[in-house]
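Coordinates in review
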Amino acid sequence: NIPFVSYIRDNAALLAPHNPFYGAPFQLNLFNFDPSMQYGPENITIIHPLINFLTGTLNFLFGQSNLPFLIIQSILNACSAAILYYLIRRIGAGWLLAFIMAIFFGISSYTIFTALIPDSYAYAQFVIILSAAYLHYCRAQDRFSVPANAAWGLLNFGITSTNVATFFGAFFISLFD
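Predicted, not measured: the structure shown is a model, and the values here were computed from it.

About the criteria used
- Residues numbered from 1 in each chain as written.
- Predicted model: local features only at pLDDT ≥ 70, side-chain atom pairs only at ≥ 80, totals over all residues.
- Heavy atoms only, no water.
- Core = buried A, V, L, I, M, F, W, Y, C linked by side-chain atoms within 4.5 Å.
- Buried < 20%, exposed > 50% of the residue type's maximum accessible area, 1.4 Å probe, protein only.
- Helix = DSSP H or I, 4+ residues; strand = E, 2+ residues; numbered from the N terminus.
- Contact = heavy atoms within 4.5 Å.
- Axes fitted to C-alpha atoms, helices over the stretch in contact; angles between N-to-C directions.
- Parallel < 35°, antiparallel > 145°, perpendicular 65-115°, else oblique.
- Left-handed = near helix turned anticlockwise from the far one by under 90°.
- Polar contact = N/O pair within 3.5 Å; in protein donor to acceptor, adjacent residues only side chain to side chain.
- Phe/Tyr/Trp six-rings, centres within 6.5 Å; stacked < 30°, edge-to-face > 60°.

**Digging into the nonpolar core**
Counting residues in hydrophobic clusters, the biggest one holds 13 residues, and the most contacted among them are Ile 83, Tyr 123, Phe 126 and Ile 159. The set of elements that each furnish at least two residues to this core consists of helix H3 (49-62), helix H4 (67-90) and helix H7 (121-141). Residue contributions to this core peak at six residues, all from H7. Filtering out sequence-adjacent residues up to four positions away, Ile 83 remains in contact with Phe 126, Ile 129, Leu 130 and Ala 133. With six residues, the next largest nonpolar core counts Tyr 134, Leu 135, Cys 138 and Trp 152 among its residues.

In structure tokens form, the structure reads like this:
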């Protein structure tokens, strides 16, 4: 967040007319808030544990370019829209409704925004939607494997630590008719 905060500070006069907070100085990046990132790149984050391995590896391979993130996150967002279409169809909706929902999801400002910044949003979104599809499959088969669900919970935790609550909440709801 240091580059974001520095940019806001250095360009305050230029950005003030476009500030969603009506010109009030606001230097906290709500869209990318991870307190551990405030202290420099050498500190790992406890909120997004696996993103550090990905960013470190990609920065080593490609330098400081955002292009690898743009490509990977765009692919993940496209896959999220496709899985959403499939999931909506599997729960009984018609193809037109599923198609429209997937298109709106795919071109939403959130999906486009998350493809452009090197952060964990696209990965978290993809894993949550994939987890929902997995839980739908488990419910349809009436089989909930403990090791598999624990692995899905661990994956959700690894992407964003708070997503483990989302997954296990959906898991417990899936257990009931």
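**Let's talk about the packing of H4 against helix H5 (residues 95-106)**
Interhelical geometry of H4 versus H5 gives an angle of 155° and a closest axis separation of 8 Å. Taken together, H4 and H5 sit at an angle that is classed as roughly antiparallel. The way H4 lies across H5 gives a crossing that is right-handed. Between H4 and H5, the contacting residues are Ser 80, Ala 81, Leu 84, Tyr 85, Ile 88 and Arg 89 on the first element and Trp 95, Ala 98, Phe 99, Met 101, Ala 102, Phe 105 and Gly 106 on the second.

**Notes on the side chain of Thr 111**
Take Thr 111: it is sitting in helix H6 (residues 109-116). Within the structure, Thr 111 has its side chain in polar contact with the backbone oxygen of Phe 105 (distance 2.7 Å). In this view, Thr 111 contacts Asn 77, Phe 105, Gly 106 and Gln 125; residues no more than four positions away in its chain are not counted.

**Things to note about the packing of aromatic side chains**
Considering all chains together, one arrives at eight aromatic pairs under this definition. Seen from their ring centres, Phe 167 and Phe 171 are 6.5 Å apart, and the 15° between their planes marks the pair as stacked. With Phe 167 and Phe 171 both in helix H9 (residues 163-174), this residue pair falls four residues apart, about one helical turn. Both residues of the pair, Phe 167 and Phe 171, belong to the buried class. An aromatic cluster is defined as three or more aromatic residues linked by ring pairs; in this entry it consists of Phe 144, Phe 167, Phe 168, Phe 171 and Phe 172.

As far as function goes, none of this settles anything; it's purely spatial.
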